[in-house]
Amino acid sequence: MQILGVDIGGSGIKGALVDTQSGELIGERHRIPTPQPATPAAIAHALKQLVEHFQWQGPIGCGFPATIHHGVAKNASNIDKSWIETDAARLFGEVTGLPCFVLNDADAAGLAEMRFGAGQSHGGVVILVTVGTGIGTALFVEGHLLPNTELGHLMLEGMVAERYCSDAARKREDLSWGKWGKRFNQYLARLEFLFSPDLFILGGGCAAKLDRFVDKIATRAPLIAAASLNQAGIIGAALYGAEQIRLQQGTRKKRGDAPKQTH
Ligand code: BGC
């Protein structure tokens, strides 16, 4: 199945057509800077531009930087507060005129990595951590996702973890990779204490820089970089769209197959 996968982030909205069977991008990816303020109307408009760029007429899978509960955004740490309680799936569907399926951005990256990347066929407990403007997490048990874990909001050193050791914090405080790596190690150690994972996967911009701070990471579970680096969000969003379509078709089929009542 072909789906337009979209990754909505604090600085850019990136999209590409994805072959959900192979997990490969079909053609080039396209990026639009995230409008500021990143209100629902402004982001929906940018999404429409992305759809027009690809002249896309099919379904869209969309990763979004917030808890997404049945399509509705429930928090807003790095986007405009007016997103809270906005039905993102419905809004995007109305503005683009296309079926839109929305999930948390880290969950999207996790789905891609578990299916095609660093966590492929990995059992046990796997935690993907995306480090960018915020910190996003995706938690898998035997390959199954527990959505919306939001472990970037754990408290560390009296601070919300993503304020302490996101990539934005590294830049804001002008930390060396070594200093930042020590903070990130503290964060992973906390996750390890709470969840005893078998594997950590690192996503987001920092994944490409893992060699600069890997010597500071002392967790028992190995930390490896996401295989598709910053495309995992796009691919995973498309996978989620494909899965939702299959589920809808399955439900419809079941309803159609139900024996007719005769009385
Ligand atoms: C948000 C998460 C998101 C993460 C990465 C956090 O601030 O609360 O929902 O996954 O940033 O974008």
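A quick note: this is a predicted structure, and the numbers were derived from the prediction, not measured.

**Some remarks on the site of the ligand**
Part 1 of the reasoning: In the vicinity of the ligand there are 14 residues, among which Asn104, Asp105, Glu150, His153 and Glu162 approach most closely.
Part 2 of the reasoning: Contact between the ligand and Ala66: an oxygen atom at 3.3 Å from a main-chain N or O atom of the residue.
Part 3 of the reasoning: Taken by itself the ligand offers 310 Å² of open surface, and the protein chains cover 93% of this.
Part 4 of the reasoning: Across the shell around the ligand, the residue classes tally to 3 nonpolar, 8 polar and 3 charged.
Part 5 of the reasoning: Both domains that meet at the shell around the ligand, namely domain 1 (2-104) and domain 2 (118-226), each give it at least three residues.

**Quick notes on the sheet that holds strand E8 (residues 125-131)**
Part 1 of the reasoning: Pairing within the open sheet is mixed, and its 5 strands lie in the order E10-E9-E8-E13-E14. Of all strands in the sheet, those bounded by a partner on one side alone are strand E10 (144-146) and strand E14 (223-225). Each adjacent strand pair in this sheet contributes to an overall mean axis angle of 30°, direction not counted.
Part 2 of the reasoning: Where E8 meets strand E13 (residues 199-203), 5 bridges bridge the pair, whose relative direction is parallel. Looking at the pairing, Leu128 lines up with Ile201 of E13.
Part 3 of the reasoning: Each of E8, strand E9 (135-141), E10 and E13 is contacted by helix H3 (residues 105-116), which is oriented at about 45° to E9, the strand it contacts most.
Part 4 of the reasoning: Across the sheet, helix H6 (residues 177-195) touches E8, E9, E13 and E14, and the angle it forms with E8 is around 150°.

**Brief notes about the side chain of Glu162**
Part 1 of the reasoning: Its place among the elements puts Glu162 in helix H4 (residues 161-165).
Part 2 of the reasoning: Buried charge without a salt bridge: Glu162, with Arg163 as the nearest opposite-charge side chain at an N-O distance of 7.5 Å.
Part 3 of the reasoning: Not counting residues up to four positions away in its chain, the partners in contact with Glu162 are Ser77, Asn78, Gly134, Ile135, Gly152, His153 and Ala169.

**A few points about the packing of aromatic side chains**
Part 1 of the reasoning: Counted by the stated rule, this structure contains 9 aromatic pairs.
Part 2 of the reasoning: Three or more aromatic residues joined by ring pairs form one cluster here, namely Trp177, Trp180, Phe184, Tyr187 and Phe213.
Part 3 of the reasoning: The ring of Trp177 is capped by Arg170, whose NZ or CZ atom sits 3.9 Å from the centre of that ring.

**Section: the domain arrangement of the protein chain**
Part 1 of the reasoning: We note that the domain assignment places domain 1 (2-104) and domain 2 (118-226) within the protein chain.
Part 2 of the reasoning: Distance from the C-alpha centre of domain 1 to the C-alpha centre of domain 2: 24 Å.
Part 3 of the reasoning: Of the roughly 550 Å² buried between domain 1 and domain 2, counting both surfaces, carbon and sulfur atoms make up 35%.
Part 4 of the reasoning: It is Thr67, Asn78 and Asn104 in domain 1 that bury the most area against domain 2; as a group they hold 57% of the surface buried on that side.
Part 5 of the reasoning: Counting every contact that joins domain 1 to domain 2 gives 3 residue pairs in polar contact (both at pLDDT 80 or more).
Part 6 of the reasoning: Looking at side-chain class alone, the side of domain 1 that touches domain 2 contains 2 nonpolar, 6 polar and no charged residues.

Calculation notes
- Residues numbered from 1 in each chain as written.
- Predicted model: local features only at pLDDT ≥ 70, side-chain atom pairs only at ≥ 80, totals over all residues.
- Heavy atoms only, no water.
- Near = heavy atom within 4 Å.
- Polar contact = N/O pair within 3.5 Å; in protein donor to acceptor, adjacent residues only side chain to side chain.
- Areas by Shrake-Rupley, 256 points an atom, 1.4 Å probe, with all protein chains shown as cover.
- Nonpolar A, V, L, I, M, F, W, Y, C, P; charged D, E, K, R; others polar.
- Domains from an automatic or database assignment.
- Pairing = 2+ DSSP bridges.
- Helix = DSSP H or I, 4+ residues; strand = E, 2+ residues; numbered from the N terminus.
- Axes fitted to C-alpha atoms, helices over the stretch in contact; angles between N-to-C directions.
- Contact = heavy atoms within 4.5 Å.
- Buried < 20%, exposed > 50% of the residue type's maximum accessible area, 1.4 Å probe, protein only.
- Lys, Arg positive; Asp, Glu negative; His and termini not counted.
- Salt bridge = Lys/Arg side-chain N within 4 Å of Asp/Glu carboxyl O.
- Phe/Tyr/Trp six-rings, centres within 6.5 Å; stacked < 30°, edge-to-face > 60°.
- Lys NZ or Arg CZ within 6 Å of the ring centre and 35° of its normal.
- Buried area = accessible area lost by both parts, 1.4 Å probe.

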